[in-house]
Amino acid sequence: MTQQDIRPPAQASAHVTLATPEPARRPLISYVLPVYNEQDGIAAFHTELTAALDARPDLAAELVYVNDGSSDGSLAILQGLAQKDDRVRVIDFARNFGHQIAITAGLDIATGDAVIVMDTDLQDPPRVSLELVDAWRDGAEIVHARRRSRQDTAFKRTTAHMFYRLLRSWTDVDIPVDTGDFRLLDRRVADELRRYRERSRFVRGIVASMGYRQTEISFDRDERFAGETKYPLRKMARLAIDGVTSFSTTPLKLITRLGFVVLLLSLAGIVYALGMKFFRPDITVSGWTMLMVVVLFLGGTQMLSLGVLGSYIGRIYSEAQRRPLYLVREVIGADEDGRDGRRGV
């Protein structure tokens, strides 16, 4: 066997060149920003967000705006932002698919080491998102932004308070109270979340059910900059139904309990009717009132039960259709190699 010469070359002793250490790579933070009819506030939000990011040169950013079928001038404003800022990408939906689906689309395209989901109405201050980043860099994999206070009407605050407590008490998942969709997800968590493809989505419940290392950052929620809330009472109720039916069978259990209650009331009614028949036969005609009450009560109970069952069956039907969660007309912004451009999807 030939002996290997391990001596350094002669010229190496004359000049020793020290390798220049490469600069540490800045973590890339992706912002997923759903937009629906926010033309009056997008520019102000973008200005405040970029100002907050400019104060943190240790971070790189990717801004993914999702135009959820806006009917106002939101898309034109987003196109202008994409032309001026190479960090901006815009997903333009073919129609309105809803806030939770818009979040899903943004997560599907975001490439950052961490992903922050937040709305563009300036109720969630962009500066707070940097506190989420700091908590993530300290080791957390999911960072929830919890509302310490909120600048809303008394009715909105009351219904929101009831909404979060109802979800927490009815679902099988420990969903943090007073937290919306404003949160940070580690890259690994975001990749796992992309595997959840149910149609009736409740993202905050899905995230809470995933585990990982979770923490909270409290903040004071500001007043909406412009426009009106995109979650009125009707949509809040629908979101609550999606949350409960996605993570709990409590309504079905309530039907069973209600059935026992109705059975006991029916037995009491039978005993009463028999007692009146034998002990007060002279006024048995008056039982007509009780008969109507019992019939109407049973009818209402049955309709309520069918409605709850229908909600679950409807979800099964929607999932069985296996239709796309959303349709994208166009993605505007930086291509994979970082150059500006636009491509259809």
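What counts and how
Residues numbered from 1 in each chain as written. Predicted model: local features only at pLDDT ≥ 70, side-chain atom pairs only at ≥ 80, totals over all residues. Heavy atoms only, no water. Axes fitted to C-alpha atoms, helices over the stretch in contact; angles between N-to-C directions. Helix = DSSP H or I, 4+ residues; strand = E, 2+ residues; numbered from the N terminus. Parallel < 35°, antiparallel > 145°, perpendicular 65-115°, else oblique. Left-handed = near helix turned anticlockwise from the far one by under 90°. Contact = heavy atoms within 4.5 Å. Buried < 20%, exposed > 50% of the residue type's maximum accessible area, 1.4 Å probe, protein only. Pairing = 2+ DSSP bridges.

Draft legend 1. Quick peek at the packing of helix α1 (residues 42-54) against helix α4 (residues 126-137). The geometry of α1 relative to α4 is characterised by a closest axis approach of 8 Å and an angle of 40° between their N-to-C directions. By the angle between their axes, α1 is oblique relative to α4. As for the relative orientation of α1 and α4, their crossing is right-handed in sense. Across from Phe45, Glu48, Leu49, Ala52 and Leu53 in α1, the residues of α4 making contact are Pro126, Arg127 and Leu130.

Draft legend 2. Representation of the pairing of strand β4 (residues 114-117). With burial as the criterion, each face of β4 is covered, one bearing Ala114 and Ile116 and the other bearing Val115 and Val117. The pairing of strand β1 (residues 28-35) with β4 spans 4 bridges and is classified as parallel. Looking at β4, one finds that serine 30 is bridged to valine 115. In terms of strand pairing, β4 meets strand β6 (residues 179-186) through 4 bridges, oriented antiparallel. The residue bridging valine 117 from the neighbouring strand is arginine 183, located in β6.

Draft legend 3. Unusual backbone geometry, seen in detail. Even without a glycine there, the phi angle at asparagine 37 is positive, about 50°. In this structure, asparagine 37 sits in the loop between β1 and α1. Relative accessible area serves as the criterion here: at 23%, asparagine 37 is assigned to the partly exposed category. Phi angles above zero are rare outside glycine, and tyrosine 212 is one such case at about 60°. Mapped onto the elements of the fold, tyrosine 212 is located in the loop between α7 (203-209) and β7 (214-221).

Without other data, these values stay purely geometric and don't point to any function.
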